[in-house]
Amino acid sequence: MEKVKLKAPILKKEVIKIFKKYGLSQDHAKISANALINAELVGAFGHGISRLKMYCDRISKKVINPKPKIKIKKISQSISLIDADNSIGFVAADIAIKKAISNAKKTGIGLVAVRNSGHYGLSGYYAEQAVKKNLIAMIYTNAPPAIAPHGALKSLFGTNPICFASPTGSKIPFILDTSISMINRGKIRVAAKNNKKIPKGVALDIFGKPTIDAKKALAGVQLPIAGFRGSGLAWMVDILSGVLTGGNHAGRVKDPFDDFSGPQNIGHLFIALKSNLFVKNYNKRIKENISLIKRLPKIRGVKEILYPGQNKYKRYRTNLKKGIVIPKNILKEIEKLNAVR
């Protein structure tokens, strides 16, 4: 049997148990498990259970602190700085988005910077929390080197995701959560783990030649979206989440799978703002905006013009009902992690 299907609550219980075995508190284990399970439910498998072993390995190697003393510094009513004390990224991000929401509710805008953090999974997962409070959110985080700056021979920028989210006046929020690479690194890692090919035109090998071999792509360079424009966006995110926050930047973020020489010290930036800051009828206006775009003439074969977040919502509902498919090799990792400690 190559794959196993598990219901989300059952899988979540197992993940919490594993994180607790590796030293996380019940609360931190639950926060981390929720984020991983959400990634599976929305179909972002490269950010889901396939990363569980990596987090546990980093805790074992003492480059993730399972018992962090996280400090929140109030800079103003709207602005906060969080020192995550090398915590697992999920916990730092959870505190940060909640603080950004709280600040925004009080003053109209919440700006929260995080440093000394780690990989936190999907930006959209945190942005959705803000949208549920009728807030607009923008989130940035940097990542280990994967993309060469335009004109350079060496990879330095991460796949540095850009995330924007907005209420829509309906149950499905607008969530654009995209890496600036042709495909995200997590998908390439999953392909490498399962001996699958990757699409053409997304990566080069170490010799600068196009490759569809996932392992060669990981050793080589990923290609950015839109050429030099994608490289520029990656640089922007490196500045906002690394330079501005006090986190690592300019290629210093360590690869979580391969580099155990120290903590990652990733920086994150969370921005939340009230949707009615400038107009009182934002929800009415965003509904009109979406409706006008959806009514545009469609090209052949397209039934509906979708806004970012709609497909993700459909996948979430389907996977929540049918269960999460776990490849056999990942299931073996889970069983092994459960047996340790």
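To keep things clear, this report deals only with the structure shown in the data block. (Residues numbered from 1 in each chain as written. Predicted model: local features only at pLDDT ≥ 70, side-chain atom pairs only at ≥ 80, totals over all residues. Heavy atoms only, no water.)

At a closest axis distance of 9 Å, the pairing of helix H1 (residues 8-21) and helix H11 (residues 328-339) adopts a crossing angle of 45°. As judged from the angle between their axes, H1 and H11 are oblique. With respect to the hand of their crossing, H1 and H11 are arranged in left-handed fashion. Facing Leu-11, Glu-14, Lys-17, Ile-18 and Lys-21 of H1, the residues of H11 in contact are Ile-334, Leu-337, Asn-338 and Ala-339. Split by residue class, the contact of H1 with H11 holds 5 nonpolar, 1 polar and 3 charged. (Axes fitted to C-alpha atoms, helices over the stretch in contact; angles between N-to-C directions. Helix = DSSP H or I, 4+ residues; strand = E, 2+ residues; numbered from the N terminus. Parallel < 35°, antiparallel > 145°, perpendicular 65-115°, else oblique. Left-handed = near helix turned anticlockwise from the far one by under 90°. Contact = heavy atoms within 4.5 Å. Nonpolar A, V, L, I, M, F, W, Y, C, P; charged D, E, K, R; others polar.)

Now for the pattern of salt bridges. One pass over the full model with this rule turns up 6 salt bridges. Lys-17 is paired through a salt bridge with Glu-14; the nearest N and O atoms lie 3.5 Å apart. Pair noted here: Lys-17 and Glu-14 are both in helix H1, with a separation of 3 residues, about one helical turn. Judged by its relative accessible area of 39%, Lys-17 is partly exposed. Its relative accessible area of 25% is what places Glu-14 among the partly exposed residues. The shortest N-O distance in the salt bridge between Glu-304 and Lys-294 comes to 2.7 Å. With Glu-304 in the loop between helix H9 (282-294) and helix H10 (310-322) and Lys-294 in helix H9, the pair connects residues that are 10 residues apart, well separated along the chain. (Salt bridge = Lys/Arg side-chain N within 4 Å of Asp/Glu carboxyl O. Buried < 20%, exposed > 50% of the residue type's maximum accessible area, 1.4 Å probe, protein only.)

Another aspect to go through is the pairing of strand S3 (residues 79-83). Two elements, strand S2 (residues 71-74) and S3, share 4 bridges in a ladder whose sense is antiparallel. Residue pairing in the sheet places Lys-71 in a bridge with Asp-83 of S3. With 5 bridges joining them, S3 and strand S4 (residues 109-117) adopt parallel strand pairing. In the strand pairing of S4, Ile-82 is matched with Val-114. In terms of handedness, the path from S3 via helix H4 (residues 89-107) over to S4 forms a crossover that is right-handed. (Pairing = 2+ DSSP bridges. Right-handed = clockwise from strand over helix to strand, strands pointing away.)

Here we take up unusual backbone geometry. At Asn-195, a position not held by glycine, the phi torsion is positive, near 55°. Tracing the backbone through its elements, the reader meets Asn-195 in the loop between helix H6 (185-193) and strand S8 (203-204). We classify Asn-195 as exposed; its relative accessible area is 65%. One non-glycine residue, Asn-265, adopts positive backbone phi at about 50°.

So, on to the environment of Ile-109. Turning to its location among the elements, Ile-109 is positioned in strand S4. Here the alpha-carbon distance between Ile-109 and Ser-80, two residues 29 residues apart in the chain, equals 11 Å. Leave out the neighbours within four places in its chain, and Ile-109 touches Ser-78, Asn-103, Ala-104, Ile-271, Ala-272 and Leu-273.

This part takes up H9. Helix length check: H9, at 13 residues, gives a terminal C-alpha distance of 18 Å against a target of 18 Å (1.5 Å per residue), a fit within 8%. Contacts from the buried residues of H9 go to strand S5 (135-141) and strand S6 (162-166). (Expected span 1.5 Å × (residues − 1).)

Moving on: the packing of helix H2 (residues 26-41) against H4. It is the contact of H2 with H4, at a shortest axis distance of 9 Å, that shows an interaxial angle of 90°. With respect to H4, the axis of H2 lies roughly perpendicular. Here His-28, Ile-31, Ser-32, Ala-35 and Leu-36 of H2 come into contact with H4, specifically with Phe-90, Val-91 and Asp-94. Considered class by class, the residues forming the contact of H2 with H4 number 5 nonpolar, 2 polar and 1 charged.

Turning next to a nonpolar patch on the surface. A contiguous nonpolar patch, built from Trp-235, Ile-239 and Val-243 and spanning about 300 Å² of accessible area, is present on the exposed surface. Examined against the element boundaries, Trp-235 turns out to sit in helix H8 (residues 228-243). (Patch = residues over 30% accessible without salt bridge, like charges linked within 9 Å, V, L, I, M, F, W, Y side chains within 5 Å. Areas by Shrake-Rupley, 256 points an atom, 1.4 Å probe, with all protein chains shown as cover.)

This part takes up the environment of Leu-204. With respect to the element layout, Leu-204 can be found in strand S8. Taking the C-alpha atoms as reference points, Leu-204 and Ile-59, separated by 145 residues in sequence, lie 32 Å from one another.

A few words on the sheet that holds S3. Two modes of strand pairing occur in sheets, parallel and antiparallel, and in both the strands are linked by backbone hydrogen bonds. Judged by pairing direction, the sheet is mixed, and its 7 strands sit side by side in the order S2-S3-S4-S10-S5-S6-S7 without closing on themselves. Either end of the sheet is taken by a strand with one partner, and the two such strands are S2 and strand S7 (174-178). Adjacent strand axes in the sheet meet at a mean angle of 10° when their direction is disregarded. In the sheet, S5 pairs with S6 via 4 bridges, with the strands oriented antiparallel. Along S6, the bridge assignment pairs Tyr-140 with Ile-162.

On to the side chain of Arg-58. Within the secondary structure, Arg-58 sits in helix H3 (residues 52-60). For the buried Arg-58, no salt bridge exists, and the shortest N-O distance to an oppositely charged side chain is 6.2 Å, to Asp-259. Among the polar contacts listed, one links the side chain of Arg-58 to the backbone oxygen of Pro-256, at a separation of 3.1 Å. The residues touching Arg-58, leaving out its near neighbours within four places in the chain, are Val-63, Ile-64, Asp-255, Pro-256, Asp-259, Phe-260, Gly-262, Pro-263 and Gln-264. (Lys, Arg positive; Asp, Glu negative; His and termini not counted. Polar contact = N/O pair within 3.5 Å; in protein donor to acceptor, adjacent residues only side chain to side chain.)

This is a description of form; function is not addressed.
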